[in-house]
Amino acid sequence: RLTKTELNSVPIYNLSSVGKALPLWVHDKKSRAGKARAKLRPADAAGEHVEVIQDLFFPTMCGKAKLSSDGETLLTTGGYPPQLRAFELRELSLKFERHFNAEVVDFQVLSADWKKAVYLLADRSVEFHTQFGKHHTTRIPVHGRCLGYQPETTELLLAGAGPEVYRLSLERGAFLQPL
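These numbers come from a predicted model, not from an experiment.

Explanation requested: the overall build of the protein chain in the structure shown.
In terms of helices and strands, the protein chain carries zero helices and 14 strands. Counting helices and strands in the order they occur from the N terminus, the protein chain gives β-β-β-β-β-β-β-β-β-β-β-β-β-β. A total of 179 residues make up the protein chain; the buried ones form 30% of that total. A fraction of 25% describes how many contacts in the protein chain between residues 6 or more apart in sequence connect residues 24 or more apart.

What exactly am I supposed to notice about the pairing of strand E12 (residues 155-160) here?
Within a regular strand, side chains alternate between the sheet's two faces. Here strand E11 (residues 144-150) runs beside E12; their pairing, made up of six bridges, is antiparallel. Looking across to E12, one finds that Cys 146 is bridged to Ala 159. Two elements, E12 and strand E13 (residues 165-169), share five bridges in a ladder whose sense is antiparallel. Across the sheet, Glu 155 pairs through a bridge with Ser 169, a residue of E13. Two successive antiparallel strands, E12 and E13, enclose a turn made up of four residues.

Just to check I follow, could you spell out the packing of aromatic side chains for this structure?
What characterises a pair of aromatic rings is the spacing of the ring centres plus the angle enclosed by the ring planes. In total, this model carries three aromatic pairs according to the counting rule given. Ring plane angle 50° and centroid distance 5.1 Å describe the contact between Phe 100 and Tyr 119, whose orientation is recorded as tilted. Highlighted residues: Phe 100 in the loop between strand E6 (93-99) and strand E7 (104-109) and Tyr 119 in strand E8 (residues 116-121), separated in sequence by 19 residues. On the basis of relative accessibility, which here comes to 8%, the residue Phe 100 falls in the buried class. Through a chain of ring-to-ring contacts, three or more aromatic side chains come together here, namely Phe 100, Phe 107 and Tyr 119. The ring of Phe 107 carries Lys 66 above its face, with NZ or CZ at 5.0 Å from the centroid.

Could you clarify how one ought to interpret the sheet that holds strand E3 (residues 61-67) in this entry?
Within a sheet, each strand pairs with its neighbour through backbone hydrogen bonds, oriented either parallel or antiparallel. In spatial order, the strands read E3-E4-E5-E6; together these four strands make up an open sheet with antiparallel pairing. The sheet is open, and its two edges are formed by E3 and E6, each paired on a single side. Across the sheet, the mean angle from the axis of one strand to that of its neighbour is 20°, orientation sign disregarded.

Would you mind going over a nonpolar patch on the surface with me for this structure?
Taken together, the side chains of Leu 7, Val 10 and Ile 12 define a hydrophobic patch exposed on the protein surface, amounting to about 270 Å² of accessible area. When you line up the elements, Val 10 lands in strand E2 (residues 10-15).

Mind showing me how you'd approach the layout of surface pockets here?
Here the second largest pocket is characterised by a volume of approximately 330 Å³. Lining the second largest pocket are 16 residues, and of these Leu 110, Phe 128, Leu 168, Ser 169 and Leu 170 sit closest to its centre. If you list the elements that add at least two residues to the lining of the second largest pocket, you get E8, strand E9 (125-130), strand E10 (133-139), E13 and strand E14 (174-176). Its residues assigned to classes, the lining of the second largest pocket shows eight nonpolar, seven polar and one charged.

So what exactly am I meant to see when it comes to the side chain of Arg 85 here?
Looking at the secondary structure, you find Arg 85 in strand E5 (residues 83-88). At 3.1 Å, the side chain of Arg 85 forms a polar contact with the side chain of Glu 97. The contacts of Arg 85, once residues within four sequence positions are left out, are Asp 55, Phe 57, Phe 58, Leu 74, Leu 75, Thr 76, Leu 94, Phe 96 and Glu 97.

Conventions used here
- Residues numbered from 1 in each chain as written.
- Predicted model: local features only at pLDDT ≥ 70, side-chain atom pairs only at ≥ 80, totals over all residues.
- Heavy atoms only, no water.
- Helix = DSSP H or I, 4+ residues; strand = E, 2+ residues; numbered from the N terminus.
- Buried < 20%, exposed > 50% of the residue type's maximum accessible area, 1.4 Å probe, protein only.
- Contact = heavy atoms within 4.5 Å.
- Pairing = 2+ DSSP bridges.
- Phe/Tyr/Trp six-rings, centres within 6.5 Å; stacked < 30°, edge-to-face > 60°.
- Lys NZ or Arg CZ within 6 Å of the ring centre and 35° of its normal.
- Axes fitted to C-alpha atoms, helices over the stretch in contact; angles between N-to-C directions.
- Patch = residues over 30% accessible without salt bridge, like charges linked within 9 Å, V, L, I, M, F, W, Y side chains within 5 Å.
- Areas by Shrake-Rupley, 256 points an atom, 1.4 Å probe, with all protein chains shown as cover.
- Salt bridge = Lys/Arg side-chain N within 4 Å of Asp/Glu carboxyl O.
- 1 Å grid on protein atoms, 1.4 Å probe; cavity = no way out; pocket = protein on both sides within 12 Å on 5 of 7 lines; lining within 4 Å.
- Points joined across faces, edges and corners; volume = space filled by probe spheres on them.
- Nonpolar A, V, L, I, M, F, W, Y, C, P; charged D, E, K, R; others polar.
- Polar contact = N/O pair within 3.5 Å; in protein donor to acceptor, adjacent residues only side chain to side chain.

In structure tokens:
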């Protein structure tokens, strides 16, 4: 059951399972006597159809969620244990998950799809990942708070506990003079 409430003009949606175990858009087995397959009932109105992503949860908390530029993959980080989960939106299901040694503070997708990404971790490390897994790890001098990517100069911008913004050139593979 989907209920909508508003608090200070902000809509809040609550999705809960009340009553039947099957969603409303699936025919009841009793009404399908003699038929081998389940058929979906078309939605009466466009607003009545809700699609839910399977396994979209974390044991304790969800940190960040970002959509890939091509709009096909949802990347989410959370804990405990610290992990990343990628969901394929066409299938509404979990594509893969990866675990980290420290909590993910921030992350940035470097390519149009999910296949290249960088993760800023709470232990001052920055991990670069490809579709095959972790590619490289480096460390920054202070605990990081946020991460940005400037595609024009291929620089990774890392802001931390101090006044400096650290620049990591992905083309050269070296740190540049901080801002």
